[in-house]
Amino acid sequence: GAGVSQSPRYKVAKRGQDVALRCDPISGHVSLFWYQQALGQGPEFLTYFQNEAQLDKSGLPSDRFFAERPEGSVSTLKIQRTQQEDSAVYLCASSSSGLAAQQYFGPGTRLTVT
Amino acid sequence: QKEVEQDPGPLSVPEGAIVSLNCTYSNSAFQYFMWYRQYSRKGPELLMYTYSSGNKEDGRFTAQVDKSSKYISLFIRDSQPSDSATYLCAMSSTNTNAGKSTFGDGTTLTVKP
């Protein structure tokens, strides 16, 4: 079946703009995760949902970052007042269980802040 | 110091070679150990995961976990040019942070025909 999809695949934003990144998980997957991957580094955890409940947001780097999953399916990661250091690939993953060990990743959204 | 350390390489081997990729970690709460393969401009692809210590084999891939040494390995037998990618190890615990994976920074592997 279809895997995790993310949109847009590429986003260029001017510093100070707000952006919204979308994730469509695998159908029926209750858990959804967001990660940030800087160039040459491994993904860094941002936040985790089980259904619509945000169980862990300890990785969000500042209050400019906000994630939601209102109906327990599609999720949106919003970054307000983007800064150059926000430039990275934002990865979404989903899992049929609550375990990070069984995550399946989408292709990512590459955000460039100019 | 990072919780998960991984030699970045790059690692270059001839086709057919056995490849060994390794990670060390410092958090004794980690119970799940994962290996991902990431091609350029793609998302990580889960290869296999292991719970606690021991070995796990899947085709040409074997994962080993030594919790006493806080050391994990991935072996690739009969390596192919299509195995050329970045390999990421990742770990998670089974407590309230079970949803969070901690990744290494990846090892870049090139398999030459």
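Look a little higher up for the structure.
Counting starts from 1 at the beginning of each chain's written sequence and moves along it residue by residue. Just so you know, chain letters begin at A and ligand numbers begin at 1, following the order they were written in. Only residues with pLDDT of at least 70 get local features here, since the model is predicted, and only at 80 or more are side-chain atom pairs given and counted; chain-wide, interface and lining totals rely on the full set of residues. Working from all heavy atoms in the structure, the side-chain values ignore hydrogens and water.

As for the overall build of chain B
Of the regular secondary structure elements, chain B holds 0 helices and 11 strands. Working definition: helices are DSSP H or I runs of at least four residues, strands are E runs of at least two. Numbering for both runs from the N terminus. Listing every helix and strand of chain B by position from the N terminus yields β-β-β-β-β-β-β-β-β-β-β. Using C-alpha atoms as the atom set, the radius of gyration is obtained and then compared with a globule rule of 2.2 Å times the number of residues to the power 0.38. At 14 Å, chain B has a C-alpha radius of gyration in line with the 13 Å of a compact globule built from 113 residues. The dimensions of chain B, computed from C-alpha atoms along their principal axes, are 45 × 30 × 20 Å. For each residue, the accessible area found with a 1.4 Å probe, counting protein chains only, is set against the maximum for its type, and the residue is called buried under 20%, exposed over 50%, and partly exposed in between. The proportion of buried residues among the 113 residues of chain B is 46%. Note on contacts: a residue pair qualifies if any of its non-hydrogen atoms lie within 4.5 Å across the two residues. For chain B, the share of sequence-separated contacts (at least 6 apart) that also reach a separation of at least 24 residues comes to 55%.

Remarks on the interface of chain B and chain A
In this assembly, 21 residues from chain B lie in contact with 25 residues from chain A. Contact with chain A buries area across many residues of chain B, yet Arg41, Gly99 and Phe103 of chain B alone supply 28% of it, more than any other trio. Whenever a carboxyl oxygen of Asp or Glu lies within 4 Å of a side-chain nitrogen of Lys or Arg, that contact is scored as a salt bridge. Linking chain B with chain A are 0 salt bridges. Polar contact criterion, stated in full: a pair of N or O atoms within 3.5 Å, where within protein one must be able to donate a hydrogen and the other to accept it, and residues adjacent in sequence count only if both atoms are side-chain atoms. For the interface between chain B and chain A, the tally reads 5 residue pairs in polar contact (both at pLDDT 80 or more). Of all the elements in the fold, those that place two or more residues in the side of chain B that touches chain A are strand S4 (30-38), strand S5 (45-51) and strand S9 (85-93) of chain B. Residues are sorted three ways: Asp, Glu, Lys and Arg are charged, Ala, Val, Leu, Ile, Met, Phe, Trp, Tyr, Cys and Pro are nonpolar, and all the rest, Gly among them, are polar. Residues that form the side of chain B that touches chain A fall into these classes: 9 nonpolar, 7 polar and 5 charged. Two parts placed together each lose some accessible area; with a 1.4 Å probe, that loss summed over both constitutes the buried area.

Quick notes on the state of the cysteines
The disulfide criterion is simple: two cysteine sulfur atoms within 2.5 Å. Across all of its chains, the model carries 2 disulfides over all chains by this definition. A sulfur-sulfur separation of 1.8 Å characterises the disulfide bridge that pairs Cys23 of chain A with Cys92 of chain A. Of note, the bridge from Cys23 of chain A to Cys92 of chain A carries an S-S torsion of about -65° and is left-handed in sense. A residue pair is termed long-range when its members are at least 10 positions apart, and Cys23 of chain A in strand S3 (residues 19-24) and Cys92 of chain A in strand S9 (residues 88-95) qualify at 69 residues. Judged by its relative accessible area of 0%, Cys92 of chain A is buried. Two residues share a disulfide in this structure: Cys23 of chain B and Cys89 of chain B, whose sulfurs sit 2.0 Å from each other. Since a negative S-S torsion denotes a left-handed disulfide, the Cys23 of chain B-Cys89 of chain B link at about -105° is left-handed.

Some words on the sheet that holds strand S7 (residues 65-68) of chain A
Residues and elements named next belong to chain A. DSSP calls a pair of strands paired once it identifies at least 2 bridges connecting them. With antiparallel pairing, the 4 strands of this open sheet are ordered in space as S1-S3-S8-S7. One side of each edge strand has no neighbouring strand; the edge strands of this open sheet are strand S1 (5-7) and S7. With strand direction ignored, the average angle separating the axes of adjacent strands in the sheet is 15°. For S7 and strand S8 (residues 75-79), the ladder comprises 4 bridges, and the chain directions are antiparallel. Residue Glu68 lies in a different strand from S8, and its bridge partner there is Thr76. All axes here are fitted lines through C-alpha atoms, helices being fitted over the stretch that makes contact, and every angle between N-to-C directions spans 0 to 180 degrees.

So, the pattern of salt bridges
All names here are of chain A. Under the criterion given, the structure shown has 7 salt bridges over all chains. One salt bridge in this structure joins Asp24 and Arg22, with 2.7 Å as the shortest N-O distance. Its relative accessible area of 38% is what places Arg22 among the partly exposed residues.

Some thoughts on the packing of aromatic side chains
Side-chain rings of Phe, Tyr and Trp (the six-membered ring for Trp) are treated as a pair once their centres are within 6.5 Å; stacked means planes under 30 degrees apart, edge-to-face means over 60, and tilted covers the remaining angles. If you walk through the whole model with that rule in mind, you get 12 aromatic pairs over all chains. Both rings, one in Tyr35 of chain A and one in Phe103 of chain B, keep their centres 5.6 Å apart while their planes meet at 85°; by these two values the pair is edge-to-face. Of this pair, Tyr35 of chain A sits in strand S4 (residues 31-37) while Phe103 of chain B sits in strand S10 (residues 102-103), on two different chains. Judged by its relative accessible area of 0%, Tyr35 of chain A falls in the buried class. What makes Phe103 of chain B buried here is its relative accessible area of 5%. Arranged with centres 6.5 Å apart and planes meeting at 35°, the rings of Phe65 of chain A and Tyr90 of chain A form a pair that is tilted. Of this pair, Phe65 of chain A sits in strand S7 while Tyr90 of chain A sits in strand S9, placing them 25 residues apart in sequence.

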